[in-house]
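A structural walkthrough
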Amino acid sequence: MLSHILRKGVLSSNSSTLIRRYASTNGQETVLVVLYEGGEAGKKNKNILGCVENALGLREWIKENKLDSRLKLVVTSDKQGENSLAEKTLPEASVVISQPFWPCYLDQTRIDKAKKLKLAITAGVGSDHVNLEAACKRGITVAEVSGSNVVSVAEHVVMQILALVRNFIPAYKQVVNGEWDIAKIADKAYDLENKHVGTVAAGRIGLRVLQRLKPFDVHLHYYDKFRLDKSIEKELNVTYHSSVESLAKVCDVVTINCPLHPETEHMFDKKMLSLMKKGSYIVNTARGKIMDRDALVDAIKSNHIEGYAGDVWYPQPAAKDHPWRSMPRHAMTPHYSGTTLDAQARYAAGVREILGNWLNERPQREEYLIVDKGKVVSRAYTEGDATKGHSEKK
Ligand code: NAI
C-alpha cells in the first residue's frame, strides 16, 4: 500500500493528499464522530454540516482524498450509556470528534476505555467535555476550531441582553396569545442605554460582545485573568476589574464568556449571585456548569436576579424537567448560538483541516491546540477535570 501511494506521489503537503499516517492493526484508523440528529431539516439542508446526516462534510472529503481504505468513519448521535454506539466504538477509536452542542463527554472512564485514542477534536469552541488532565496523562492531543463561531455567539449575547432588558419574550407571548396589555410589559421594560454591562472574560467572544455593545452607549466593564491592551481599553472606554466579585457588584447586566474548567465551575454560586445588584440580569452562553443550577433558580424566584438567558445547559441535551426550562423570566434557547449555518461552514472546514494535518503528520495551527504533548497549552484553560460529575445518565 505504501509503495503504491509513494508511486502516485501523494505524500505531498497538499491538503488534498493526506495519506502519510499509517494505521496500526487492520490498516484503518477509526474516527468516531458524535453529532446531533439532523432530522428532516438535516436531510433537506446540506449546509447543516454539524448533524449526523451531513457529518461535517467528512464523507465527501474522505472520498475526494481517496481515504476510504485509511479511515473508518463512525458517525452517530447515540452517545448515552454503556450500550450506545459511541461507547462501543471508543475502544477502537484513534480520533473522537465531538461538538459542544451535542457533547460526547470524554471523562476518565471513557478515556480509559479509549485505549487507542490519540486525538480529540472539538467541532466548534470549548473543550471542557474532555477531561484535560486525563488527556495530558495519556498524551492525547485535544484541538478545537478556535475563533470559528465567536461572532455567532457574540451576536446571540447582544440579542439575549436586549431580549431580557426590553422584556421581549412576554411581549411576544402576548401577541401569540391574542392579548394586548401594554402596561404589563412596560412594567419591566427598560432601555439598555446608560446601564452597566460587564463581561466575565474578554477573550475572542467577550471582546466582540464589548465591541458590539459600545454603540448602545452603555458603561462597559470586564474581568479576565489577562488584561486587554491599554489601547483597546481606551477605545472601548471599558473598566477593568481584577475580580469577578468586583464586576458583579456594579453591573446591571453580566455576560459570561469564559471557558469551563475547574477554576470557573460554579463560579456563579449562591454567594456570587447574592453579590449581584438586585434586579440585574445574566446572559450565559459560555457553559451551563459555570452557574450553580439551583442557586440560580432560587435567585430568580426570590426576584434578586431579574432575568436569565443563554443557550448552555448541563448536561446536554437538557433534561425535559431541567428547572431552568420552567423558572420565571428567562429567555433561554437550546445550545445553538455557535452553530449558525455560517459558523458550521467554518468549524467543519476547521475539523477537516485538523484531521488532515494529523493524518499527514503536519503541525496544527497553534491557536487550535488545547492539549499538546502532555500539557495544557491554551492559556484559556487550566489543567484539570471539568468533566467531573458529568453523567450522561443524569
Ligand atoms: P478564548 O479562549 O478566546 O477566551 C477565553 C477567555 O477566558 C480568555 O481571555 C481567558 O483569559 C479567560 N479566562 C479563562 N479562565 C478564566 C478565569 N478563571 N477567570 C477569568 N477569565 C478567564 O475563548 P472564546 O472563543 O472567547 O470562548 C469562550 C467560551 O465560550 C468557550 O470556552 C466556550 O465555553 C464558550 N463558547 C460557547 C459557544 C456557544 O455556542 N454557546 C460557542 C463558542 C464558545
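Residues numbered from 1 in each chain as written. Predicted model: local features only at pLDDT ≥ 70, side-chain atom pairs only at ≥ 80, totals over all residues. Heavy atoms only, no water.

A word on the site of the ligand
Close to the ligand lie 30 residues, the nearest being Arg204, Ile205, Asp224, Glu263 and Thr285. Take serine 337: an N or O atom from its side chain is 3.0 Å from a nitrogen atom of the ligand. Contact with the protein chains removes 95% of the 870 Å² of surface that the ligand exposes when unbound. Among the secondary structure elements, those contributing two or more residues to the shell around the ligand are helix H7 (150–165) and helix H10 (204–213). Taken together, the residues that form the shell around the ligand break down as 14 nonpolar, 10 polar and six charged. Counting the residues that make up the shell around the ligand, at least three belong to each of domain 1 (2–148 + 340–376) and domain 2 (150–332). (Near = heavy atom within 4 Å. Polar contact = N/O pair within 3.5 Å; in protein donor to acceptor, adjacent residues only side chain to side chain. Areas by Shrake-Rupley, 256 points an atom, 1.4 Å probe, with all protein chains shown as cover. Helix = DSSP H or I, 4+ residues; strand = E, 2+ residues; numbered from the N terminus. Nonpolar A, V, L, I, M, F, W, Y, C, P; charged D, E, K, R; others polar. Domains from an automatic or database assignment.)

Thoughts on a nonpolar patch on the surface
There is a patch of nonpolar side chains on the surface, built from Phe168, Tyr172, Val175 and Val176 and spanning about 440 Å² of accessible area. Following the sequence through the fold, valine 175 ends up in helix H8 (residues 168–176). (Patch = residues over 30% accessible without salt bridge, like charges linked within 9 Å, V, L, I, M, F, W, Y side chains within 5 Å. Salt bridge = Lys/Arg side-chain N within 4 Å of Asp/Glu carboxyl O.)

A short note on the sheet that holds strand S11 (residues 305–310)
Sheet strands associate in pairs through backbone hydrogen bonding, adopting either a parallel or an antiparallel arrangement. Sheet architecture is open: seven strands sit in the order S8-S7-S6-S9-S10-S11-S12, paired in parallel fashion. Two strands in the sheet have a free side with no partner beyond their single neighbour: strand S8 (238–241) and strand S12 (330–332). Neighbour-to-neighbour, the strand axes of the sheet open up by a mean angle of 15°, direction not taken into account. Note that strand S9 (residues 253–256) and strand S10 (residues 280–284) share four bridges and pair parallel. Its bridge partner being in S10, valine 253 is matched across the sheet by tyrosine 281. Against the sheet, H7 contacts strand S6 (196–200), S9, S10, S11 and S12, and its axis sits at roughly 150° relative to S10. Each of S6, strand S7 (219–223), S8 and S9 touches H10; the most contacted strand, S7, lies at about 175° to it. (Pairing = 2+ DSSP bridges. Axes fitted to C-alpha atoms, helices over the stretch in contact; angles between N-to-C directions. Contact = heavy atoms within 4.5 Å.)

Some words on the packing of H7 against H10
Interaxial distance between H7 and H10 falls to 9 Å at its minimum, and their mutual angle equals 50°. It follows that H7 is oblique to H10 by the angle criterion. The hand of the H7/H10 crossing is right-handed. From H7, Val150, Val151, Val153, Ala154, Glu155, Val157, Val158 and Ile161 reach across to H10, where they touch Arg204, Ile205, Arg208, Val209, Arg212 and Leu213. The class makeup of the residues in the contact of H7 with H10 is 10 nonpolar, no polar and four charged. (Parallel < 35°, antiparallel > 145°, perpendicular 65-115°, else oblique. Left-handed = near helix turned anticlockwise from the far one by under 90°.)

Regarding the environment of leucine 236
Examined against the element boundaries, leucine 236 turns out to sit in helix H11 (residues 230–236). Residues within four places of leucine 236 in sequence aside, it is in contact with Leu207, Leu210, Gln211, Lys214 and Leu220.

Looking at helix H16 (residues 341–359)
Between its first and last C-alpha, H16 extends 27 Å over 19 residues, near the 27 Å set by a 1.5 Å rise per residue. Buried within H16 are the following residues: Ala343, Gln344, Tyr347, Ala348, Gly350, Val351, Ile354, Leu355, Gly356, Asn357, Trp358 and Leu359. Looking one or two residues beyond H16, the residue adopting positive phi is glutamate 361, at roughly 55°. (Expected span 1.5 Å × (residues − 1). Buried < 20%, exposed > 50% of the residue type's maximum accessible area, 1.4 Å probe, protein only.)

Quick word on the nonpolar core
Counting 33 residues, the largest nonpolar core has Leu56, Ile97 and Leu355 as its most contacted members. At the level of secondary structure, the elements contributing two or more residues to this core comprise strand S1 (29–34), helix H3 (58–64), strand S2 (71–76), strand S3 (93–98), strand S4 (119–122) and H16. The biggest single contributor to this core is H16, with seven residues. (Core = buried A, V, L, I, M, F, W, Y, C linked by side-chain atoms within 4.5 Å.)

Remarks on the UniProt feature "site: Important for catalytic activity" (unreviewed entry) in the protein chain
Annotation from UniProt places "site: Important for catalytic activity" (unreviewed entry) at Arg287 and His335. The greatest C-alpha distance among the annotated residues, which extend across 49 residues, is 9.6 Å, indicating that they converge on a single site. Note on placement: arginine 287 falls in the loop between S10 and helix H14 (293–301). Arginine 287 sits in the buried class, given a relative accessible area of 11%. By secondary structure assignment, the location of histidine 335 is in the loop between S12 and H16. (UniProt positions renumbered as here; feature names shortened; annotations may be inferred.)

Let's talk about the side chain of glutamate 144
By secondary structure assignment, the location of glutamate 144 is in strand S5 (residues 141–144). For glutamate 144, which is buried and forms no salt bridge, the nearest opposite charge comes from arginine 204, at a distance of 6.0 Å. Polar contacts involving the side chain of glutamate 144 include one to the side chain of serine 127, which spans 2.7 Å. Apart from the residues lying within four places of it in its own chain, the contact partners of glutamate 144 are Thr122, Gly124, Val125, Gly126, Ser127, Ile354, Tyr368, Ile370 and Tyr381. (Lys, Arg positive; Asp, Glu negative; His and termini not counted.)

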